[in-house]
Amino acid sequence: MPGRVAGKVAFITGAARGQGRSHAVRLAQEGADIVAVDICEDVPGIPYPGATEADLAETVKQVEALDRRIVAVKADVRDPRALKAALDDGVAQLGRLDIVCANAGIGTAPVAAWEMDESVWQTMIDINLTGVWHTAKVAIPHLIAGGNGGSIIITSSAAGLQAYQNIAHYVSAKHGVVGLMRTLALELAPHFIRVNSIHPTQVDTPMIQNEPTWRLFRPDLEHPTEADFAPASQAMNALPIPWVDPVDISNAVLYLASDESRYVTGVTLPVDAGAVIK
Ligand SMILES: NC(=O)c1ccc[n+]([C@@H]2O[C@H](COP(=O)([O-])OP(=O)(O)OC[C@H]3O[C@@H](n4cnc5c(N)ncnc54)[C@H](O)[C@@H]3O)[C@@H](O)[C@H]2O)c1
């Protein structure tokens, strides 16, 4: 049976682990080839370990195990030249581009907006907002040149639809990409290129499953565990679950990437266990 994105090529940022790896594998399961980029380094100021080149190699292994092709490059979404070089090479090797997942992103330790260091604010905006624009900017010429339409999927957050205290930089960046998404949806509609955003609640990835984050949610405990964190995380959601799995986001990505959503554009799609309506 042909896959739901058979014969297409997807460009995924932040593909070394977490949701990005899951998107690569899920799209490959449905027949896509992948261009994967990731910084594969710690980002200074981030309170949890960054992805590694070994993580990106594991994504390559998992995609190739599905008999799909993958071009994987270490690149920083803050560097549009590196991003362009990586994607140009990927498209040259794989022959086309159809799907773009602007997924790379960071979280930082919480602090009140007026007490936030300028460098913490700027790094967040550079990666989680400007990095998404860079991703779209280098990809769009390939999509237009291909003449086959396309789908750009931006990973925002529940924090792109509502406010959360002490992460003003994250909330601002994740709201900002919604404005970018809507503008691109209008600009690219004549080319049949669709642009949508996904808004996850907590997702079971290294971004949240680390001790600093657990401590943040459980300041009452000296050494909180994942099990201690779970009820506090669950309190954010309407459905009685603490977090969703990366594949839950990947399934939404797959829908938006496939022709099943051919007339869906400009949409903010929550995959949030009801967090935004709570
Ligand atoms: N985990 C959650 O609870 C959650 C919830 C809502 C939204 N999100 C968003 O989902 C996206 C994916 O996050 P995740 O949960 O998979 O976390 P993750 O930390 O596991 O993965 C993020 C990936 O992005 C990469 N990355 C970070 N900065 C980069 C840069 N400058 N250039 C290139 N790559 C870079 C990292 O190396 C990492 O591999 C992010 O945009 C995040 O903000 C996450």
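This text follows the structure it describes.
Quick caveat: nothing in here was measured; it's all calculated off a predicted structure.

Student: How should the overall build of the protein chain be read in this particular structure?
Tutor: Helix and strand content of the protein chain: 8 helices and 7 strands. Over its C-alpha trace the protein chain gives a radius of gyration of 18 Å, about what one expects of a compact globule, namely 19 Å for 278 residues. Oriented by its inertia axes, the alpha-carbon framework of the protein chain measures out at about 55 × 35 × 35 Å. Scored against the burial criterion, the 278 residues of the protein chain give a buried share of 52%.

Student: What exactly am I supposed to notice about the state of the cysteines here?
Tutor: As used in these notes, a disulfide is a covalent bond between sulfur atoms, one from each of two cysteines. Under the definition given, this model contains 0 disulfides. We note that Cys101 lacks a disulfide partner, and the nearest cysteine sulfur, in Cys40, lies 17 Å from it. In this structure Cys101 comes out as buried when scored by relative accessible area, which is 1%.

Student: It is not clear to me how helix α8 (residues 246-257) should be interpreted in this structure. Could you clarify?
Tutor: Within an α-helix, residues lying three or four positions from one another point in the same direction, as the helix has 3.6 residues per turn. Compared with the 16 Å implied by 1.5 Å per residue over 12 residues, the 16 Å span of α8 between its first and last C-alpha is a close match. Turning to α8, its buried residues number three or more, namely Pro246, Ile249, Ser250, Ala252, Val253, Leu254, Leu256 and Ala257. Those residues of α8 hidden inside the fold are in contact with α1 (18-29), β4 (99-102), β5 (150-155), β6 (193-200) and β7 (268-271).

Student: Whenever I open this one, the packing of helix α3 (residues 80-94) against helix α4 (residues 118-146) confuses me. Can you help?
Tutor: The relative placement of two packed helices comes down to the angle between their axes together with the axis-to-axis distance. The N-to-C vectors of α3 and α4 enclose an angle of 35°; their axes lie 9 Å apart at closest approach. In the packing of α3 onto α4, the handedness of the crossing is right-handed. In this structure, α3 contributes Pro80, Leu83, Lys84, Leu87, Asp88 and Val91 to the contact, and α4 contributes His134, Thr135, Val138, Ala139 and His142.

Student: Is there a simple way to think about the packing of aromatic side chains in this case?
Tutor: Each aromatic ring pair is described using two quantities: the centre-to-centre distance and the angle formed by the ring planes. For the structure shown, the criterion picks out 2 aromatic pairs. For the ring pair Phe217 and Phe229, a centre distance of 5.0 Å and an interplane angle of 70° mean the geometry is edge-to-face. One end of the pair, Phe217, is in helix α6 (residues 211-217); the other, Phe229, is in helix α7 (residues 226-234), with 12 residues separating them in the sequence. Consider the rings of Phe229 and Trp243, whose centres lie 5.4 Å apart with planes at 25°: the pair is stacked. Of this pair, Phe229 sits in helix α7 while Trp243 sits in the loop between α7 and α8, and the two are 14 residues apart along the sequence.

Student: Got a minute to help me understand the pattern of salt bridges in this structure?
Tutor: Note that side chains of opposite charge can pair when their charged atoms are close. Using the criterion set out here, one finds 12 salt bridges in the structure. Between Glu260 and Arg4 there is a salt bridge; the shortest N-O distance is 2.8 Å. Placement of the pair is Glu260 in the loop between α8 and β7 and Arg4 in the segment before β1 (9-13), with a sequence separation of 256 residues. Look at Glu260 and you get partly exposed, because its relative accessible area is 45%. One salt bridge connects Lys61 with Glu58, and the closest N-O pair in it is separated by 3.8 Å. Residue Lys61 and its partner Glu58 are located together in helix α2 (residues 53-64), separated by 3 residues, close to a single helical turn.

Student: When you look at α2 in this model, what are you seeing that I'm missing?
Tutor: The end-to-end C-alpha distance of α2, which contains 12 residues, comes to 16 Å, matching closely the 16 Å that a straight helix rising 1.5 Å per residue would cover. For α2, the complete set of buried residues consists of Leu56, Thr59, Val60 and Val63. For α2, the arc enclosing every buried residue in end-on projection is 100°, short of the 170-degree limit, so these residues lie on one face. In α2, the exposed residues that point more than 90 degrees away from the buried face are Ala54 and Lys61. Buried positions along α2 lie against α1, β2 (33-38) and β3 (70-74).

Conventions and cut-offs
Residues numbered from 1 in each chain as written. Predicted model: local features only at pLDDT ≥ 70, side-chain atom pairs only at ≥ 80, totals over all residues. Heavy atoms only, no water. Helix = DSSP H or I, 4+ residues; strand = E, 2+ residues; numbered from the N terminus. Rg over C-alpha atoms; globule rule 2.2 N^0.38 Å. Buried < 20%, exposed > 50% of the residue type's maximum accessible area, 1.4 Å probe, protein only. Disulfide = S-S within 2.5 Å. Expected span 1.5 Å × (residues − 1). Contact = heavy atoms within 4.5 Å. Axes fitted to C-alpha atoms, helices over the stretch in contact; angles between N-to-C directions. Left-handed = near helix turned anticlockwise from the far one by under 90°. Phe/Tyr/Trp six-rings, centres within 6.5 Å; stacked < 30°, edge-to-face > 60°. Salt bridge = Lys/Arg side-chain N within 4 Å of Asp/Glu carboxyl O. Arc of directions from axis to C-beta.

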